[in-house]
Amino acid sequence: MASTSSLAFSSKTTYDVFLSFRGIDTRPTFTSHLYSALCRKSIPTFIDDDLERGERISPALLKAIEESMISVVIFSENYASSRWCLDELVKIIDCQKEMGRKILPIFYHVDPSDVRKQTGKFGEAFGKVKEKFKQSLDIVEKWSTALTEVANLSGWDSSIYRHESELIDKVVKHIMKKLYPVSFSACDDLVGIDAHLNEILSFLCIEMADVRFIGIWGIGGIGKTTIAEALFGQISDEFDACYFLNNVRESTEKHGLLHLRQNLFSKLVGDEHLSIQTPRVLPTIVLDILRRKKIFIVLDDVNDSKQLKALAGDHGWFGSGSRVIITSRDKQVLSSVDKIYEVKGLDCSDAFQLLSMKAFKQKDPPMEYIELSKSVQAYCKGVPLALEVLGSHLCNKTPEEWESELNKLKRFPDCNIMKVLEISYNDLDEMEKKIFLYIACFFNGDCKSWVEDILNGCDFPTRWGIIRLVDKCLVTVVNNMLKMHDLIVEMGQDIARRKGIILCNSNDICRMLATTNNKAKKVEGLSLDMSEIERVYLNSAVFSRIPNLRLLKFYWTPWLKKEGTGLIVESNYLESLPNTLSLFHWEEYPFKSLPLNFSMENLVHLNVRNSKVEKLWNGVKIMESSEVLPSSKNGIVELDLRGCKMLNSLPNSTCELKRLEILHLHGCSYLEKLPPLYGLCSLKKLFLDGTALVEIPPDIVSLSSLELLSLSDTPMEELPSSIGCLSSLVSLNLKRCKKLKNLPNSICELKCLETLYLSGCSNLEKLPPLYGLCSLRDLYLDGTALVEIPPDIFSLSSLGVLFLNDTPIEELPSSIGFGFSHTKLYLMRCERLKSLPNSIFELKGLQRLDLSGCSNLEKLPPLYGLCSLQKLFLNGTALLEIPPDTASLSSLRRLSLQNCNRLQKSVSTSYIAPIKYREGCRDYGYGLNFCNSLNLDQNARGTIMADAIRRIKELAIARSYGTFYPHFFVGLPGSKIPDWLSCEGPGNSIATSFPPGCFNNIFLGFVFLCYYRIQGSCFS
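Quick caveat, the model's predicted, so the values are computed rather than measured.

Quick notes on the rules
- Residues numbered from 1 in each chain as written.
- Predicted model: local features only at pLDDT ≥ 70, side-chain atom pairs only at ≥ 80, totals over all residues.
- Heavy atoms only, no water.
- pLDDT = per-residue confidence, 0-100.
- Contact = heavy atoms within 4.5 Å.
- Buried < 20%, exposed > 50% of the residue type's maximum accessible area, 1.4 Å probe, protein only.
- Helix = DSSP H or I, 4+ residues; strand = E, 2+ residues; numbered from the N terminus.
- Pairing = 2+ DSSP bridges.
- Polar contact = N/O pair within 3.5 Å; in protein donor to acceptor, adjacent residues only side chain to side chain.
- Axes fitted to C-alpha atoms, helices over the stretch in contact; angles between N-to-C directions.
- Parallel < 35°, antiparallel > 145°, perpendicular 65-115°, else oblique.
- Left-handed = near helix turned anticlockwise from the far one by under 90°.
- Core = buried A, V, L, I, M, F, W, Y, C linked by side-chain atoms within 4.5 Å.

Any region with low pLDDT has predicted coordinates that should not be read closely. Taken residue by residue, the protein chain gives an average pLDDT of 83. The fraction at 70 or more is 87%. This stretch, residues 619-633, has a pLDDT under 50; its non-local contacts, to residues over four places away or in other chains, come to 28 contacts.

This part covers the pairing of strand β18 (residues 583-586). Of the two faces of β18, the one lined by Leu583 and His585 and the one lined by Phe584 and Trp586 are each fully buried. As paired elements, strand β16 (residues 551-555) and β18 share four bridges and run parallel to each other. Each bridged residue has a counterpart across the sheet, and for Leu552 the counterpart in β18 is Phe584. Bridge count between β18 and strand β19 (residues 605-607): three bridges; the pairing is parallel. Note on β19: the bridge partner recorded for Leu583 is His605.

For an α-helix, 3.6 residues make a turn, and residues three or four places apart therefore share a direction. Restricting attention to buried positions, one finds in helix α13 (residues 305-312) the residues Gln307, Leu308, Ala310, Leu311 and Ala312. Looking at the buried side of α13, the elements it contacts are β6 (212-217), β7 (241-245), α10 (248-255), α11 (257-269), β8 (295-299) and β9 (323-328). The backbone nitrogen of Lys306 lies 2.9 Å from a side-chain oxygen of the residue at the head of α13, namely Asp304. A positive backbone phi angle near 55° is found at Gly313, which sits one or two residues after α13.

With that settled, consider the packing of helix α19 (residues 430-443) against helix α20 (residues 448-456). Interaxial distance between α19 and α20 falls to 12 Å at its minimum, and their mutual angle equals 120°. In this view, α19 runs oblique relative to α20, as classed from their interaxial angle. The handedness of the crossing between α19 and α20 is right-handed. Residue-level contacts link Ile435, Tyr438, Ile439 and Phe443 of α19 to Trp450, Val451, Ile454 and Leu455 of α20.

Okay, the nonpolar core next. Grouped together as the largest cluster of nonpolar side chains are 130 residues, with contacts concentrated most on Phe543, Phe584, Trp586 and Leu709. For this core, the secondary-structure elements that each account for two or more residues are α23 (506-514), β14 (525-529), β15 (535-538), β16, β18, β32 (925-929) and α25 (938-958). Discounting residues that sit within four places of it in the chain, Phe584 has contacts with Leu552, Leu577, Tyr589, Leu594, Leu603, His605, Leu606, Asn607 and Val608. Ranked by size, the runner-up nonpolar core spans 41 residues in total, among them Val191, Ile214, Val298 and Leu355.

Take a look at the structure:
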């Protein structure tokens, strides 16, 4: 193949690829598949479908050839019989010579030698054109020369590929490399990374079939994560499943290892509903899936061997060829990996270039800065983060200012990276420094807009301050989340501690709370993890000594919490809180109310979840925040009182919170009534789950901004008719409202409603008209008392998911097949359901139909129209046989008839089309489950086994589809070992020998069979 060097073109290009081909030979087959594959990779490709063919080549086609980077010429048997194709080829050669365009030939069912010499059947076709144009020998000579020249180029011969899909995959990958050569050196932020990548790739040996764990080790800021990210981007498409788990250390502290395990393995196995409850052991089905896949995982910033054990286990967890990369500062954490790559500082040349890019926006510094740059580079000792931060700090400064900064550095010859980072901090103005310290101590990893709200409450120009911090490389904004490098966070927290303005260390805070010195007066922030302290007694007047406190966060790390620890109070009431507070977050707040003299004039976020609060204030309280300061700048945005089980009311003045966006009252089980709501013009989310509310105030109609209303687990009997006026409502949650008997007719006026949860409303027997819910996508009616479904439910054009599980429904209306865009229909455990309407075959878009547990369902209607159906679950039904027209379900990938005790006959699944790669799809495989269906006759079992063998061979030959390998599962009742399995034995291992030379190109793989007792469903 040709070199993968970068393309450099001299003129405008509109297309990346131009396809030259003979239509009668390849248009509906190979060419169309290649075109689709290129489009899936978002490669602009020209194909002449829309051009009107004539005797001579059109100007539009000539222009398309000129404006295409690469021309792919598909030589087929009749290619040379077309003057059009030959003229294209001559133009393609001209563009190669004159404009530097590239040509890639494909020899499709023709010998390259025949094309080169115009012999064989290819030559015969060319001979007909030569005869026709024998009076124009100069034109014929051009054609012949062009054929020879292109055939001499390196290309692909289709005869050496067993499948066209494999050839197309090779061609597309080669074009991708031509268009986007993998080299990171040219990228400003990735200077010097290629050497790291090449070294680690030699450790990985991704062509080998073993499983390897590779560690990337080095100090903070040295570039471990950047290297891992670049490596992930370069090789992830070589694997079946891959995942980059960022910030393991920080995520473990915030969410716990169980959360990370759940997130990681649900992504790898492709099941978003996967549940993992144990910290060390994985479910067998998860391990089985992982062992069938070639996995690539990056675990970034692992600081404890327990994290590595929980997230990557051992080599036996993953399939052949899998690779796991772990980045860590601690070499001990990497003691169990196969190899460790130590990331060292950049060499002088790369460090010099990186500094110059940050300071001068070019690869080399101006002449007058060369010696100064060398001094800075020597000071940074090749640490990329230090080079970036210091370079950004010195940007646009004069040589004299550089000298001044270097002189400062000379006073600290042994200073570490912290001091380097602090130089950038010292260049900020006082407001910017405060914003930086607050983000470092409180808000790293939080939503940018949320942080802006809180710090604006401190009267800071937060938006501009964050822009300055981004410019100084102290903060980055990723998906609207504020991110700081660990070194910068540590530097900021150290500065705050030394200044005494923000305390994050639990020992420092406890000492401050216990003493009466004047140092507390300058404290502006307290961030205390109460799970880190023992019993600390708190005086009710303690905050009178901290008058300048702006941010208070007392929180628990749930898995570290111990009984009898934390803050112990001597009184039921807190005497005072500073009116300067913008953030008040105190989990399990131990007092019965907030202080009466707490004006809240600067408060933006109030969170006292799981506290003992009975009333927000002990006495009459008027919230004056919107009157003291302009409401555009100030006012509570979020009020979180979830789990306050003693709270029985909210003050009437709550309605004055004009800026309130989120009101969280989940689990306030004594709360029976709400105050007036009419003034909450900004409220977007209202959580009332688990309260004692019997009714909603009629003035809910005033909440014009409300998008989410959650009322699950309340004793509510009805909704007010005014609910139809909530014009912005997107989600309405009424789960397990067991006293709810009906919904108001006005609910059909909720034009923006997308999700309606009525699950578990066990007294709900009837629905009102729903025809107006034009945006409704998900409707959950499982566990209701509905006996029938209103016909107009199927007129909801946006409805995609309908849950009717565990309902006493006896039949579906015949209108189900008309004007209905269902993709998923759930009827699990509808034990009264005896049949489905014939019109169900009209559901052209239905992808999943689950009838599991419908124990009285004896027969299915015609299913032949369900052309999109991928998953059909009939577990535990009373079916005697599978309908013959199941053979028409060409998209079917999962068929489950587990525990169908009356099932006797099956049908062949040979009709199911082979799996084809689809961009973005992670589920490649088949599943046939007949476990515990013990009455299947011998013919049915034979048919199922024959289909299983066919699918196994098909998938083994197919090898790989895109970045994922296909899989196959079949579950059969009984205990007879198939005759075609040549090796068997008891226990969990089998020993066998293989003849010499058996692992050749013909070898497809292994088939494994095991016997086990089924409890529950094999797959869902």
